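Report on the structure
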Amino acid sequence: MNLTLHLNVYNHIVSNGEKQGDKYVLGELSAWHDFDGYTCYLGYKELTMSLYFHGKFAYDYEKDPTREEFIALIEKMESEL
């Protein structure tokens, strides 16, 4: 897991995605943050990845294949950054 890559993807989605409510959406991925900006989130289907202050992170998902698909999308997006 490369946290820097995930933060770069978050920034790419916020910079280039379409604002929909409180989230930015780019392709199948979404990105948003909490009220103070210290916690950022990446979303895909029912998966949410929380990116916390000081380099910590957590995944919340129901099915392992969804996590694998999410990781593949992040890696694919890396070539676009």
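Scroll up a little and you will see the structure.
Between the first and last C-alpha of helix α2 (residues 64-78) there are 21 Å, a value that for 15 residues agrees with the 21 Å anticipated at 1.5 Å per step. Listed in full, the buried residues belonging to α2 are Thr66, Phe70, Ile74 and Met77. For α2, the angular spread of the buried residues around the axis is 80°, confining them to a single face. Away from its buried face by more than 90 degrees, α2 exposes Glu68 and Lys76. Taken together, the buried residues of α2 touch α1 (3-16), β2 (23-26), β3 (29-33), β4 (40-44), β5 (47-51) and β6 (57-60).

This part takes up unusual backbone geometry. In this structure, Lys45 is a non-glycine residue whose phi angle is positive, near 50°. Structurally, the position occupied by Lys45 is in the loop between β4 and β5. Residue Lys45 is classed as exposed on the basis of its relative accessible area of 56%. The backbone phi angle of His54 is positive, close to 70°, even though this residue is not glycine. Note on placement: His54 falls in the loop between β5 and β6. Residue His54 is classed as exposed on the basis of its relative accessible area, which comes to 69%.

Now for the packing of aromatic side chains. Under the defined criterion, the tally for this structure stands at five aromatic pairs. Seen from their ring centres, Phe57 and Tyr59 are 5.9 Å apart, and the 80° between their planes marks the pair as edge-to-face. Measuring from centroid to centroid gives 6.4 Å for Tyr59 and Tyr61, while their planes differ by 80°, and the two rings are edge-to-face. A relative accessible area of 30% means that Tyr61 is categorised as partly exposed. Here the aromatic cluster, defined as three or more aromatic residues joined through ring pairs, consists of Phe57, Tyr59, Tyr61 and Phe70. Positioned above the aromatic ring of Trp32 is the side chain of Lys23, whose terminal nitrogen or guanidinium carbon lies 4.1 Å from the ring centre. Over the ring of Tyr59 we find Arg67, and its NZ or CZ is 4.6 Å from the ring centre.

Each value, and the rule that gives it
- Residues numbered from 1 in each chain as written.
- Predicted model: local features only at pLDDT ≥ 70, side-chain atom pairs only at ≥ 80, totals over all residues.
- Heavy atoms only, no water.
- Helix = DSSP H or I, 4+ residues; strand = E, 2+ residues; numbered from the N terminus.
- Expected span 1.5 Å × (residues − 1).
- Buried < 20%, exposed > 50% of the residue type's maximum accessible area, 1.4 Å probe, protein only.
- Arc of directions from axis to C-beta.
- Contact = heavy atoms within 4.5 Å.
- Phe/Tyr/Trp six-rings, centres within 6.5 Å; stacked < 30°, edge-to-face > 60°.
- Lys NZ or Arg CZ within 6 Å of the ring centre and 35° of its normal.

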